[in-house]
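# Chain and residue survey
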Amino acid sequence: MFRGSTISVILPTFNEKDSIRKVIEDFDHLGIVEEIIVINNNAAEGTSEEVAQTKAIEIIEPDQGYGSAIQRGFREAKGDLLVVCEPDDTFLAKDIYKFLAYVDDLDIIYGTRTTKNLIWEKANMGFLLRWGNWAVAKLLEILFNTNYLSDVGCTYRLVKREVVQNMLPYFKVKSNFFGPEMMVLGFKMGYKCVQIPVNYKERVGISSVTGDIRKAIVLGIQMIFLILFMRLDFRKKSIY
Ligand SMILES: Nc1nc2c(ncn2[C@@H]2O[C@H](COP(=O)(O)OP(=O)(O)O)[C@@H](O)[C@H]2O)c(=O)[nH]1
Ligand SMILES: [Mg+2]
């Protein structure tokens with residue numbers, strides 16, 4: 001609970017068996033989160049057993065993809081404030097307070113992982129990923145004339161439930177570039193959004209998205225096309 005608002009944390013999982021229990025406990029130990037929802041999206045064997053040892057609720061989402069998992073989490077969550085994170089231990093649960101600092105003023109608060117002094121040793125945020133994310137974020141910032149942006153791939157974010165209810169019918173992306181789709185939709189629908197620096201740590205286990213630099217480059221190019229495509233559709237809420 002934060003100033004009378006209940007908090008749900010949504011954790012999609014695919015390949016985080018060895019870290020998910022710790023991440024759930026980190027959020028639980030903060031003592032301010034009412035509900036932790038794990039969306040098991042055909043996750044690694046043994047994941048459910050790890051989750052069962054915690055207070056989290058596990059929901060099975062068979063439709064494959066990061067976007068599908070998050071949208072399911074948004075539909076299931078009951079809190080007033082919905083926090084999305086990752087169970088791979090790359091983020092700090094206590095950074096939730098940075099997001100909460102802005103909920104009085106804004107509708108959606110996004111994290112950014114490209115703040116140099118918050119990138120931990122061995123985090124997967126080398127030169128290319130850091131400046132690649134920054135460059136695509138600048139494209140987004142210029143094309144949509146937004147507040148300052150410096151990352152398009154950060155999955156740690158907070159959104160108010162009534163805001164996400166309005167956005168849900170318009171989400172189309174089921175895969176890994178759901179993150180920027182949500183950002184663009186938020187800008188197009190006129191919600192007040194800001195991006196704030198968060199810690200970014202070394203991952204436990206193998207990354208299935210940006211661990212491979214070729215995959216990361218392809219994802220970056222897909223994101224650029226998605227952003228341009230969404231910009232070219234001038235209908236306000238956009239069934240783009
Ligand atoms: N639902 C779902 N989530 C996925 C899939 N692949 C990756 N993820 C999730 O997407 C997030 C990012 O994946 P990760 O492997 O950590 O990539 P990285 O953060 O770029 O290193 C994690 O929370 C994963 O659980 C997938 O196929 N389906
Ligand atoms: Mg990750």
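Quick note: structure is the one above.
In this report, the structure presented in the accompanying data block is examined. (Residues numbered from 1 in each chain as written. Chains lettered and ligands numbered in written order. Predicted model: local features only at pLDDT ≥ 70, side-chain atom pairs only at ≥ 80, totals over all residues.)

### Quick notes on the overall build of the protein chain
Looking only at helices and strands, one finds 8 helices and 7 strands in the protein chain. For 240 residues, the compact-globule estimate of 2.2 N^0.38 gives 18 Å, and the C-alpha radius of gyration of the protein chain, at 17 Å, lies within 12% of that figure. Along the longest, intermediate and shortest principal axes, the C-alpha atoms of the protein chain span 45 × 40 × 35 Å. Taken over 240 residues, the protein chain has a buried fraction of 42%. In the protein chain, the share of contacts with a sequence separation of at least 24, taken over all contacts with a separation of at least 6, comes to 77%. (Helix = DSSP H or I, 4+ residues; strand = E, 2+ residues; numbered from the N terminus. Rg over C-alpha atoms; globule rule 2.2 N^0.38 Å. Buried ≥ 20, exposed ≤ 12 C-beta atoms within 10 Å, placed from the backbone. Contact = placed C-beta atoms within 7 Å.)

### A closer look at the sheet that holds strand 6 (residues 157-160)
Taking strand neighbours across the sheet as the criterion, the 7 strands line up as 3-2-1-4-6-5-7 in an open arrangement whose pairing is mixed. Pairing within the sheet leaves two strands with one partner each, and these edge strands are strand 3 (57-60) and strand 7 (193-197). Taken pair by pair, the neighbouring strands of this sheet meet at an average axis angle of 20°, ignoring direction. Packing of helix 3 (residues 66-76) onto the sheet brings it into contact with strand 1 (7-13), strand 2 (35-40), strand 3 and strand 4 (81-84), and relative to strand 1 it is tilted by some 155°. (Pairing = 2+ DSSP bridges. Axes fitted to C-alpha atoms, helices over the stretch in contact; angles between N-to-C directions.)

### Remarks on the site of ligand 1
Near ligand 1 there are 20 residues, and of these N41, A69, S207, V209 and T210 occur at the shortest range. Those elements that provide at least two residues to the shell around ligand 1 are strand 1 and helix 3. (Near = placed C-beta within 6 Å.)

### Examining helix 3
Summarising burial for helix 3: 9 of the 11 residues are buried, a large majority. For helix 3, the set of buried residues is Y66, G67, S68, A69, I70, Q71, R72, G73 and F74. Where helix 3 is buried, its residues contact strand 1, strand 2, strand 3, strand 4, helix 6 (161-167) and helix 7 (178-188).

### Things to note about unusual backbone geometry
Non-glycine residue N42 carries a positive phi angle of around 55°. One can find N42 in the loop between strand 2 and helix 2 (47-52). N42 sits in the partly exposed class, given 15 other C-beta atoms within 10 Å.

### Things to note about helix 7
Of all 11 residues in helix 7, 11 are buried, a share of seventy percent or more. Of all the residues in helix 7, the buried ones are F178, G179, P180, E181, M182, M183, V184, L185, G186, F187 and K188. On its buried face, helix 7 sits against helix 3, strand 5 (108-112), helix 5 (127-144), helix 6, strand 7 and helix 8 (213-232).

### Structural notes on the packing of helix 7 against helix 8
Between helix 7 and helix 8, the shortest axis-to-axis distance is 10 Å and the interhelical angle comes to 20°. Taken together, the axes of helix 7 and helix 8 lie roughly parallel to each other. Here helix 7 runs over helix 8; the crossing is right-handed. Taken together, the residues of helix 8 that come into contact with helix 7 (itself represented by P180, E181 and V184) are M223, L226, I227 and M230. Along the lines of polarity and charge, the residues of the contact of helix 7 with helix 8 split into 6 nonpolar, no polar and 1 charged. (Parallel < 35°, antiparallel > 145°, perpendicular 65-115°, else oblique. Left-handed = near helix turned anticlockwise from the far one by under 90°. Nonpolar A, V, L, I, M, F, W, Y, C, P; charged D, E, K, R; others polar.)

### Some thoughts on the pairing of strand 3
Pairing of strand 2 with strand 3, which is carried by 4 bridges, proceeds in the parallel orientation. In the sheet register, N40 faces strand 3, and the bridge partner there is I60. Between the parallel elements strand 2 and strand 3, the chain passes through helix 2 in a crossover that is right-handed. (Right-handed = clockwise from strand over helix to strand, strands pointing away.)

### Overview of the nonpolar core
If you look at the biggest cluster of nonpolar residues, it comprises 61 residues, and the most contacted ones within it are V9, I10, I36, L82 and V83. Leaving out residues up to four positions away in the same chain, V83 has contacts with I7, S8, V9, I10, I96, F99 and L158. (Core = buried A, V, L, I, M, F, W, Y, C linked by C-beta atoms within 7 Å.)

### Considerations on the pairing of strand 6
Sheet topology note: the strand 4/strand 6 ladder contains 4 bridges and is antiparallel. Each bridged residue has a counterpart across the sheet, and for L82 the counterpart in strand 6 is V159.

### Some thoughts on the environment of K201
Summarising the element assignment, K201 is placed in the loop between strand 7 and helix 8. The exposure class assigned to K201 is partly exposed, which follows from the 19 C-beta atoms found within 10 Å. Ignoring anything within four residues of it in the chain, the contact list for K201 reads D89, T90, W120 and A123.

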